[in-house]
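Residue-level structural notes
Here is what each chain is made of, one letter per residue.
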Amino acid sequence: MKQYECLVPGCQWHTQADDPAEIVRRAADHLRSVHAEAEVRPEMIDRIKQRIHAAQAAQ
Ligand SMILES: [Zn+2]
(Lines give C-alpha, C1' and ligand atoms only; values in the text may rest on other atoms or scores of the structure.)
Protein backbone atom coordinates (compact mmCIF):
# COMPACT_ATOMS: atom_id res chain seq x y z
CA MET A 1 0.00 0.00 0.00
CA LYS A 2 1.23 3.47 -0.93
CA GLN A 3 0.34 6.78 0.66
CA TYR A 4 0.42 10.37 -0.53
CA GLU A 5 -0.17 13.68 1.22
CA CYS A 6 -1.14 16.77 -0.79
CA LEU A 7 1.85 18.90 -1.80
CA VAL A 8 0.02 22.16 -1.11
CA PRO A 9 1.20 23.60 2.24
CA GLY A 10 -1.50 23.45 4.91
CA CYS A 11 -3.70 21.02 2.97
CA GLN A 12 -4.66 17.94 5.01
CA TRP A 13 -5.81 15.85 2.05
CA HIS A 14 -4.20 12.46 1.63
CA THR A 15 -4.94 9.17 -0.09
CA GLN A 16 -3.82 5.55 -0.10
CA ALA A 17 -3.76 3.00 -2.93
CA ASP A 18 -1.83 -0.08 -4.00
CA ASP A 19 -1.08 1.37 -7.43
CA PRO A 20 1.02 4.57 -7.61
CA ALA A 21 -0.70 5.44 -10.90
CA GLU A 22 -4.03 5.47 -9.05
CA ILE A 23 -2.57 7.86 -6.47
CA VAL A 24 -1.30 10.16 -9.22
CA ARG A 25 -4.76 10.13 -10.82
CA ARG A 26 -6.50 10.97 -7.53
CA ALA A 27 -3.93 13.66 -6.69
CA ALA A 28 -4.42 15.27 -10.10
CA ASP A 29 -8.20 15.23 -9.60
CA HIS A 30 -7.73 16.76 -6.16
CA LEU A 31 -5.50 19.57 -7.50
CA ARG A 32 -8.07 20.41 -10.17
CA SER A 33 -11.15 20.30 -7.94
CA VAL A 34 -9.84 21.68 -4.62
CA HIS A 35 -6.88 23.86 -5.60
CA ALA A 36 -8.31 25.13 -8.91
CA GLU A 37 -5.28 23.84 -10.81
CA ALA A 38 -6.75 23.99 -14.33
CA GLU A 39 -3.88 22.03 -15.85
CA VAL A 40 -1.75 19.53 -13.95
CA ARG A 41 1.61 19.80 -15.71
CA PRO A 42 4.19 16.99 -16.16
CA GLU A 43 6.52 18.60 -13.60
CA MET A 44 3.64 18.60 -11.12
CA ILE A 45 3.13 14.88 -11.80
CA ASP A 46 6.84 14.35 -11.06
CA ARG A 47 6.48 16.19 -7.74
CA ILE A 48 3.45 14.04 -6.88
CA LYS A 49 5.38 10.84 -7.70
CA GLN A 50 8.31 11.95 -5.52
CA ARG A 51 5.96 12.34 -2.54
CA ILE A 52 4.41 8.87 -2.77
CA HIS A 53 5.70 6.65 0.01
CA ALA A 54 4.91 3.36 1.70
CA ALA A 55 1.83 3.61 3.93
CA GLN A 56 2.36 3.06 7.66
CA ALA A 57 0.71 -0.16 8.86
CA ALA A 58 -0.77 1.33 12.03
CA GLN A 59 -3.16 3.92 10.65
ZN1 LIG B 1 -4.65 19.61 -1.36
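See above for the structure.
Predicted, not measured: the structure shown is a model, and the values here were computed from it. (Residues numbered from 1 in each chain as written. Predicted model: local features only at pLDDT ≥ 70, side-chain atom pairs only at ≥ 80, totals over all residues. Heavy atoms only, no water.)

1. Some remarks on the coordination of the zinc ion
Each donor-metal-donor angle in an ideal tetrahedron of four donors is 109.5 degrees, and each such angle in an ideal octahedron of six donors is either 90 or 180 degrees. The test is simple: Water is absent from the atoms considered, so a metal site may look incomplete; donors are defined as N, O and S atoms within 2.8 Å of the metal, or 3.2 Å for Na, K and Ca. For a four-donor site, all angles between 85 and 135 degrees give tetrahedral; for four or six donors, opposite pairs above 155 degrees with the remaining angles between 65 and 115 give square planar or octahedral; all remaining cases count as irregular. When a residue's accessible area, from a 1.4 Å probe over protein chains only, is under 20% of the maximum for its type it is buried; when over 50% it is exposed; and in between it is partly exposed.
Each protein donor to the zinc ion is listed here as Cys 6 (SG), Cys 11 (SG), His 30 (NE2) and His 35 (NE2); together their distances run 2.0 to 2.3 Å. Taken together, the four donor atoms coordinating the zinc ion span angles of 101 to 114 degrees at the metal, a pattern that classifies the geometry as tetrahedral. According to the relative accessible area criterion, His 35 is partly exposed, its value standing at 25%.

2. Considering the packing of helix 1 (residues 20–34) against helix 2 (residues 42–51)
Keep this limit in mind: Lines are fitted to the C-alpha atoms to define the axes, a helix being fitted only along its stretch in contact, and any angle between axes, read from their N-to-C directions, falls within 0 to 180 degrees. Elements are defined by DSSP. Helices are runs of H or I of four residues or more, strands are runs of E of two residues or more, and each kind is numbered from the N terminus. In this scheme, roughly parallel covers angles under 35 degrees and roughly antiparallel covers those over 145, while 65 to 115 is roughly perpendicular and the rest are oblique. It is the rotation of the near helix from the far one that decides the hand of a crossing: anticlockwise by less than a right angle makes it left-handed, clockwise makes it right-handed. Note on definitions: a residue-residue contact is assigned when non-hydrogen atoms from the two residues lie within 4.5 Å. Residues are grouped as follows: Ala, Val, Leu, Ile, Met, Phe, Trp, Tyr, Cys and Pro are nonpolar; Asp, Glu, Lys and Arg are charged; every other residue, Gly included, is polar.
Between helix 1 and helix 2, whose axes approach to 10 Å, the crossing angle comes to 125 degrees. Viewed along their axes, helix 1 and helix 2 adopt a mutual orientation that is oblique. When the axes of helix 1 and helix 2 are compared, the crossing they make is right-handed. Only Met 44, Ile 45, Ile 48 and Lys 49 of helix 2 make contact with helix 1, whose side of the interface consists of Val 24, Ala 27, Ala 28 and Leu 31. In terms of residue class, the contact of helix 1 with helix 2 is built from seven nonpolar, no polar and one charged.

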